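# Observations on the model geometry
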Amino acid sequence: MENQVPEGQQKIKKSPYVALQYPEFRAYMMGNSLFTMALLMQEVVLGYEVYKISHDPLALGLIGLAEALPYISLALFGGHVADRRDKKTIMLISLLVIISGSVILIWATNPISGLSKEMMLTVIYLSYF
């Protein structure tokens, strides 16, 4: 006797790429990927700039610390807020904060700003924090 599957319970092959059929999801994934790449490039460039300004490996370590502290300190609070508030609003506010930090970094690292090296490093560390 062969294994017969009752009607209505046949195995349906599910493709892992079904979500890519939706243009909105493809646009979201492309935007998210480009945004992530831009943030990673910014981190590398800032590490280079900090080392170029200070010539101190400890300064690079402090950049890593300035990146990690907000993540560690806000993880639980961020989860609570994400459960209680509208996620689209949270994402928009987060994006605005990241963009404003990037604009501050562009201003601070621009030679026209006239900041001293110590002040430039302070602005870079504070913008990461």
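Coordinates for the structure precede this section.
Below or above, wherever it landed, is the structure these notes cover. None of these values were measured; they are calculated from a predicted model. (Residues numbered from 1 in each chain as written. Predicted model: local features only at pLDDT ≥ 70, side-chain atom pairs only at ≥ 80, totals over all residues. Heavy atoms only, no water.)

## A closer look at the overall build of the chain
For the record, the criterion: The secondary structure listing takes helices from DSSP runs of H or I that are at least 4 residues long and strands from runs of E that are at least 2 residues long, numbered from the N terminus. Computation of the radius of gyration draws on C-alpha atoms alone. For the globule rule, the value is 2.2 Å times the number of residues to the power 0.38. The buried label applies to any residue whose accessible area, calculated with a 1.4 Å probe on protein chains only, is under 20% of its type's maximum; exposed applies above 50%, and partly exposed to all values in between. Note on contacts: a residue pair qualifies if any of its non-hydrogen atoms lie within 4.5 Å across the two residues. Using a 1.4 Å probe, the Shrake-Rupley method yields the accessible areas, and only the shown protein chains count as cover for residues. Working convention for charge: Lys and Arg count positive, Asp and Glu count negative, and His plus the chain ends are omitted. Charge positions come from single atoms, namely NZ of Lys, CZ of Arg, CG of Asp or CD of Glu.
Each helix and strand counted, the chain has 4 helices and 0 strands in total. The N-to-C order of helical and strand elements in the chain reads α-α-α-α. Radius of gyration (C-alpha) of the chain: 23 Å, far over the 14 Å computed for a compact globule of 129 residues. Evaluated residue by residue, the chain yields a buried proportion of 16% over its 129 residues. Of the contacts formed within the chain by residues at least 6 apart in sequence, a portion of 59% connects residues at least 24 apart. For the chain, the accessible area works out to roughly 10800 Å², and carbon and sulfur atoms hold 68% of it. Of the charged side chains in the chain, 10 are positive and 10 negative; the average position of the first set lies 6 Å away from that of the second.

## A short note on the nonpolar core
Applied cut-off: Definition of nonpolar core: a set of buried residues of the types Ala, Val, Leu, Ile, Met, Phe, Trp, Tyr and Cys, connected through side-chain atoms within 4.5 Å.
The biggest cluster of nonpolar side chains holds 12 residues, and these are L46, V50, I53, A59, I63, A66, L105, M120, L121, I124, Y125 and Y128. Only α1 (23-54), α2 (57-84) and α4 (117-128) provide two or more residues apiece to this core. The leading source of residues in this core is α4, at 5 residues. The contact partners of A66, leaving out residues within four places of it in the chain, are Y125, Y128 and F129.

## Notes on the packing of α1 against α4
The test is simple: To obtain each axis, a line is fitted to C-alpha atoms, and for helices this fit is confined to the stretch in contact; angles are then taken between N-to-C directions over 0 to 180 degrees. Orientation categories follow fixed angle ranges, with anything under 35 degrees roughly parallel, anything over 145 roughly antiparallel, 65 to 115 roughly perpendicular, and all other angles oblique. Should the near helix be turned counterclockwise from the far one by less than a right angle, the crossing is left-handed, whereas a clockwise turn marks it as right-handed. Residue classes follow a fixed rule: Ala, Val, Leu, Ile, Met, Phe, Trp, Tyr, Cys and Pro count as nonpolar, while Asp, Glu, Lys and Arg count as charged, and any other residue, Gly among them, counts as polar.
Two numbers describe how α1 lies on α4: the axes approach to 10 Å, and their chain directions differ by 155°. The orientation of α1 relative to α4 falls into the category roughly antiparallel. For the pair α1 and α4, the sense of crossing is left-handed. Two secondary-structure elements touch here, α1 through Q42, E43, L46, V50, I53 and S54 and α4 through K117, M120, L121, I124, Y125 and Y128. Among the residues forming the contact of α1 with α4, the class breakdown is 8 nonpolar, 2 polar and 2 charged.

## Quick word on the pattern of salt bridges
Our working rule: Any carboxyl oxygen of Asp or Glu that lies within 4 Å of a side-chain nitrogen of Lys or Arg is treated as forming a salt bridge with it.
By the definition in use, this model includes 1 salt bridge. Its salt-bridge partner being K52, residue E49 comes within 3.4 Å of it at the nearest N-O pair. Within this pair, E49 and its partner K52 are both found in helix α1, separated by 3 residues, close to a single helical turn. Relative accessible area serves as the criterion here: at 17%, E49 is assigned to the buried category.

These values are about where atoms sit, not about what they do.
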